[in-house]
Amino acid sequence: MDTDYLSRECYKAIIIEAEKLSHDLTLHYGLLSIDCKNEDEYIDKAEQMTREIMQADDAELEDLFWGNLPDKKKFQRTCTDILENIGKVRSIPFYKRKFDF
């Protein structure tokens, strides 16, 4: 699946939120979609990845951000925002989400 097939709500909740912090983080969320069959699977994997990276140590974060580690507090806040946003997207019935295709 390509991120172009995500609803506007999902794209904004995850991709745009990640981009506010770092393009490097956005790339990871974008690549995550490649192995997903649909938006629900993408949301599940994005939530799992977010929870995992929130627990990452400094060395893992250095790798994640290719040496361009952002401020840790901003990073944690962004991850928390993404998780909150995911909850909001899940509360929107699929048929009410908006798509560009």
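These numbers were taken from a predicted model, which means no experiment stands behind them. (Residues numbered from 1 in each chain as written. Predicted model: local features only at pLDDT ≥ 70, side-chain atom pairs only at ≥ 80, totals over all residues. Heavy atoms only, no water.)

> Got a minute to help me understand helix 1 (residues 8-21) in this structure?
Every α-helical turn comprises 3.6 residues, leaving residues that sit three or four positions apart pointing alike. Compared with the 20 Å implied by 1.5 Å per residue over 14 residues, the 19 Å span of helix 1 between its first and last C-alpha is a close match. Residue Ile15 marks the point of greatest curvature in helix 1, where the axis turns by about 25 degrees. Those residues of helix 1 not exposed but buried are Glu9, Cys10, Ala13, Ile14, Ile15, Glu17, Ala18 and Leu21. Among the structural elements, helix 2 (23-32), helix 3 (39-54) and helix 5 (72-90) are those in contact with the buried residues of helix 1. (Helix = DSSP H or I, 4+ residues; strand = E, 2+ residues; numbered from the N terminus. Expected span 1.5 Å × (residues − 1). Bend = angle between axes of the 7 residues up to and from the residue. Buried < 20%, exposed > 50% of the residue type's maximum accessible area, 1.4 Å probe, protein only. Contact = heavy atoms within 4.5 Å.)

> Which parts of the structure should I look at to understand the nonpolar core?
Across soluble globular proteins, nonpolar side chains show a tendency to be buried alongside one another. Ile14, Leu25, Tyr29, Tyr42 and Ile53 are the most contacted members of the largest nonpolar core, which totals 27 residues. Contributing elements (two or more residues each) for this core: helix 1, helix 2, helix 3, helix 4 (58-64) and helix 5. Leave out the neighbours within four places in its chain, and Tyr29 touches Ile14, Ile15, Ala18, Tyr42, Ala46, Met49, Thr50, Ile53 and Ile82. (Core = buried A, V, L, I, M, F, W, Y, C linked by side-chain atoms within 4.5 Å.)

> Got a minute to help me understand the packing of aromatic side chains in this structure?
Each aromatic ring pair is characterised by the separation of its centres together with the angle its planes make. Using the criterion set out here, one finds 2 aromatic pairs in the structure. Between Phe94 and Phe99 the ring centres are 5.3 Å apart and the planes differ by 55 degrees, which places this aromatic pair in the tilted class. (Phe/Tyr/Trp six-rings, centres within 6.5 Å; stacked < 30°, edge-to-face > 60°.)

> So what exactly am I meant to see when it comes to the packing of helix 1 against helix 2 here?
As a packed pair, helix 1 and helix 2 sit with axes 6 Å apart at the nearest point and diverge in direction by 155 degrees. By the angle class used here, helix 1 and helix 2 are roughly antiparallel. For the pair helix 1 and helix 2, contact is made by Ile14, Ile15, Ala18, Glu19 and Leu21 and by His23, Leu25, Thr26, Tyr29 and Gly30, respectively. (Axes fitted to C-alpha atoms, helices over the stretch in contact; angles between N-to-C directions. Parallel < 35°, antiparallel > 145°, perpendicular 65-115°, else oblique.)

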